[in-house]
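Fold and geometry: a report
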Amino acid sequence: MTAATAPASAPSPTLADRLIAAQFGARDGVLTVGGLDVRTLAAHHGTPLYVYDAALARGRLNALRAALDGFAEVYYSIKANPALAPLLAAEGIGLEVASGAEFLLARAAGAPAGRILFAGPGKGAAELELAIAGGIGEIHLESFDEIALVADIGRRLGRQVPVSIRVNPAPAAQGGAMRMGGKPTAFGFDEEMLAEVATAVEAEPGLALGGLHLFAGTQILDAAVLVAQWRHGLDLADRLAGLLGRPLTSIDLGGGLGIPYHAGDGTLDLEIVRAGAADLAARVAASPALRDARLLVEPGRFLAGPAGVYLAAVRTVKTSRGQRFVVTDGGMHHQLAASGNLGQVIKRDFPLVAATRLGGAPIGDTQVVGPLCTPLDTIGRQTALPEVAPGDLVAVLQSGAYGLSSSPVGFLSHPMPAEVLVDDGHVTVLRPAGRFEAPLVNLAAPIGGL
Ligand SMILES: *Cc1c(COP(=O)(O)O)cnc(C)c1O
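Residues numbered from 1 in each chain as written. Predicted model: local features only at pLDDT ≥ 70, side-chain atom pairs only at ≥ 80, totals over all residues. Heavy atoms only, no water.

1. Some words on the environment of Gly370
Looking at the secondary structure, you find Gly370 in the loop between strand E19 (366-369) and strand E20 (378-383). When neighbours within four sequence positions are excluded, Gly370 is seen to be in contact with Val327, Thr328, Gly330, Gly331 and Asp377. (Helix = DSSP H or I, 4+ residues; strand = E, 2+ residues; numbered from the N terminus. Contact = heavy atoms within 4.5 Å.)

Shown next as structure tokens:
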């Protein structure tokens with residue numbers, strides 16, 4: 001195995017080594033995904049290419065379900081990777097969406113409307129109407145204007161709209177690498193305002209208030225922090241039930257379950273999740289205000305991230321003033337997160353390997369870059385790839401969540417990569433590769449105008 005994610009001096013095994021051993025495999029020095037050799041997949045579907053392993057995604061879901069042991073249902077937050085929504089919906093879980101288009105994706109993926117939730121700080125009238133008319137299971141209210149807007153749409157459509165209040169928890173309940181609660185935020189209502197918000201929602205006869213939604217932070221690797229947030233969610237649920245004077249029917253504890261990306265990252269300890277969930281389940285069972293509520297968690301990254309590999313082909317290897325560069329056909333336009341430009345303060349490398357030269361002797365200090373005309377397009381800053389040549393493949397592991405779905409695919413107008421799913425040895429093309437085309441017409445032949 002190569003020492004691929006860290007300087008050559010770092011001790012092995014690297015995160016990439018561990019992931020390959022645990023989740024993938026290698027045959028004659030070539031990475032396999034779901035038992036299939038990535039060289040063959042790339043030859044059939046071209047590069048760059050996203051490959052997803054169905055068994056890995058299902059395995060993540062089953063491991064989480066086992067740890068929760070009935071404490072909460074699992075919903076999948078589809079913005080992490082819409083391409084995996086049909087696979088996960090087929091396992092019987094609900095879907096969490098963040099736009100009208102995602103609602104349509106979720107329906108097309110096979111989720112019943114009643115098992116779809118809609119959250120987001122600036123939902124529009126058209127997408128709300130689409131979701132409400134379509135019978136969505138619950139809308140998470142995030143502003144006073146939205147309370148009025150949803151009530152108004154419900155009235156017009158003659159529907160009672162199932163809603164929950166999205167709460168931005170107080171700082172004491174915080175944790176996670178990318179905090180989304182506890183400080184000023186556009187998401188939800190500050191918990192300090194809960195009484196006022198509950199009054200406003202209750203004043204709308206067309207809104208059926210079931211409970212609350214709490215989502216405080218993403219990429220949480222410390223299971224104790226996660227459980228503490230869930231506990232705080234139950235505290236808030238108790239408070240809300242007290243304010244309403246009736247039991248809650250819905251408590252959404254959010255997503256945020258993390259996965260390791262960088263050398264030194266730990267793995268979310270599902271044993272701690274299991275013990276915490278059992279403890280909280282006992283508390284819920286003992287509480288008349290909470291025991292009839294449907295509890296759920298809504299992870300995206302945890303389910304999808306480990307199941308995806310982003311493959312790119314080497315185009316050239318060059319040296320500039322002593323620095324070795326491997327230039328590939330893939331980069332930040334498809335895998336922004338791996339380039340470190342998706343909000344990371346410190347740009348650290350994702351697990352990245354020479355997928356057709358596993359086991360090759362590492363050469364220290366190699367940067368792996370994409371084809372875009374910007375130094376931001378760097379997907380490996382301090383790798384130790386072995387000797388590679390044009391045509392070799394580089395694989396970015398942990399690419400199944402917030403890969404393609406969060407990348408600036410329009411930048412430099414490259415075609416979209418194909419996305420393929422490997423399931424029990426069979427390959428399904430989820431998205432065919434795009435083609436070269438000029439997407440906009442020129443001024444001599446305009447599409448239209450006022
Ligand atoms: C994005 C999002 C999630 C999923 O977050 P992960 O960190 O990927 O688990 C869950 N809930 C809401 C409301 C979100 O916006």
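2. A look at the packing of aromatic side chains
Two measures describe an aromatic ring pair: the distance that separates the ring centres and the angle between the ring planes. Going through the model one piece at a time under the given rule, you end up with five aromatic pairs. Aromatic side chains Phe71 and Trp230 sit 6.0 Å apart centroid to centroid with 35° between the ring planes, which places their arrangement in the tilted category. Separated by 159 residues along the polypeptide, Phe71 in the loop between helix H3 (54-68) and strand E5 (73-77) and Trp230 in helix H9 (residues 223-244) bring together distant segments of the chain. Centre to centre, the rings of Phe144 and Phe189 are 5.1 Å apart; their planes meet at 65°, and the pair counts as edge-to-face. Taken together, the positions of Phe144 in helix H7 (residues 144-157) and Phe189 in strand E11 (residues 189-190) put the pair 45 residues apart, joining distant regions of the chain. (Phe/Tyr/Trp six-rings, centres within 6.5 Å; stacked < 30°, edge-to-face > 60°.)

3. As for the pairing of strand E22 (residues 418-423)
Most of E22 is tucked away: five of the six residues are buried. The pairing of strand E4 (residues 49-53) with E22 spans five bridges and is classified as parallel. By the bridge assignment for E22, Tyr50 is matched with Glu419. The sheet contact formed by E22 and strand E23 (residues 426-431) spans five bridges and is antiparallel. (Buried < 20%, exposed > 50% of the residue type's maximum accessible area, 1.4 Å probe, protein only. Pairing = 2+ DSSP bridges.)

4. Let's talk about the sheet that holds strand E1 (residues 25-27)
One open sheet holds the three strands; their spatial order is E1-E2-E3, and the pairing between them is antiparallel. The open sheet has two free edges, formed respectively by E1 and strand E3 (36-37), since each of these has just one partner strand. Here E1 pairs with strand E2 (residues 30-33) via three bridges, running antiparallel. Among the inter-strand pairings, Arg27 is bridged to a residue of E2, identified as Val30.

5. A closer look at the pairing of strand E12 (residues 207-214)
Side chains on a regular strand alternate between the two faces of the sheet. Most of E12 sits out of view: seven of its eight residues are buried. As paired strands, E12 and strand E14 (residues 250-252) are joined by three bridges and run parallel to one another. Following the sheet pairing, His213 is matched in E14 by Asp252.

6. Observations concerning the site of the ligand
Residues in contact with the ligand amount to 15 residues; listed here are only the nearest, Lys79, Thr218, Gly256, Glu298 and Tyr402. Backbone polar atom of Gly256 to an oxygen atom of the ligand: 2.8 Å apart, as the coordinates give it. Between Gly300 and the ligand, the recorded distance is 3.0 Å, taken from a backbone N or O atom to an oxygen atom. Taking 390 Å² as the accessible area of the ligand by itself, protein coverage stands at 94%. Tallied by class, residues from the shell around the ligand come to four nonpolar, six polar and five charged. (Near = heavy atom within 4 Å. Polar contact = N/O pair within 3.5 Å; in protein donor to acceptor, adjacent residues only side chain to side chain. Areas by Shrake-Rupley, 256 points an atom, 1.4 Å probe, with all protein chains shown as cover. Nonpolar A, V, L, I, M, F, W, Y, C, P; charged D, E, K, R; others polar.)

7. Quick word on H9
Taking 1.5 Å as the rise per residue, H9 with 22 residues should run 32 Å; its terminal C-alpha atoms sit 31 Å apart, in good agreement. Capping the start of H9 is the job of one residue whose side-chain oxygen sits 2.9 Å from the backbone nitrogen of Ala224: Asp222. (Expected span 1.5 Å × (residues − 1).)

8. Quick notes on the domain arrangement of the protein chain
Splitting the protein chain by domain gives domain 1 (15-52 + 306-431) and domain 2 (82-299). The C-alpha centroid of domain 2 is placed 34 Å from the C-alpha centroid of domain 1. Taken together, the 16 residues of domain 1 in the interface contact 11 residues of domain 2. Taken as a group, Leu15, Arg348 and Gln398 account for 35% of the area that domain 1 buries against domain 2, more than any other trio of residues on that side. Seen at the junction of domain 1 and domain 2, the total is one salt bridge. The tally of links between domain 1 and domain 2 comes to three residue pairs in polar contact (both at pLDDT 80 or more). (Domains from an automatic or database assignment. Buried area = accessible area lost by both parts, 1.4 Å probe. Salt bridge = Lys/Arg side-chain N within 4 Å of Asp/Glu carboxyl O.)

9. Thoughts on the nonpolar core
The biggest cluster of nonpolar side chains holds 128 residues, and the ones touching the most others in it are Leu31, Phe71, Tyr76, Ile139, Ile165 and Ile251. Ranked by residues supplied to this core, first place goes to H9 with 10 residues. Two domains each donate at least three residues to this core, and these are domain 1 (15-52 + 306-431) and domain 2 (82-299). Here Ile251 is in contact with Leu212, Leu234, Ala237, Leu290, Ala293, Arg294, Leu295 and Leu296, once residues within four sequence places are set aside. (Core = buried A, V, L, I, M, F, W, Y, C linked by side-chain atoms within 4.5 Å.)

10. What to know about the pattern of salt bridges
Scanning all chains against the criterion turns up 18 salt bridges. Between Lys123 and Glu142 there is a salt bridge whose closest N-O contact spans 3.9 Å. Pair noted here: Lys123 is in the loop between strand E7 (116-118) and helix H6 (125-133) and Glu142 is in the loop between strand E8 (138-141) and H7, with a separation of 19 residues, a long-range link. Lys123 sits in the buried class, given a relative accessible area of 8%. Accessibility expressed as a relative area gives 3% for Glu142, which makes it buried. Across the pair Asp392 and Arg357 runs a salt bridge, and its minimum N-O distance is 2.9 Å. Taken together, the residues Asp392 in the loop between E20 and strand E21 (393-396) and Arg357 in the loop between strand E18 (352-354) and E19 connect sequence positions 35 residues apart. Several salt bridges share partner residues, and in doing so they unite Lys123, Glu142, Glu146 and Arg166 into one network.

11. Points about unusual backbone geometry
Excluding glycine, a negative phi dihedral is what most residues carry, and trans is how most peptide bonds are arranged. Cis geometry marks the peptide bond from Thr47 to Pro48, where omega comes out at -5°. If you check the backbone angles, Asp28 has positive phi at about 50° while not being a glycine. Assignment of secondary structure puts Asp28 in the loop between E1 and E2. Asp28 gets classed as exposed once you look at its relative accessible area, which sits at 77%. Of note in this structure, Gln398 is not a glycine but carries a positive phi near 60°.

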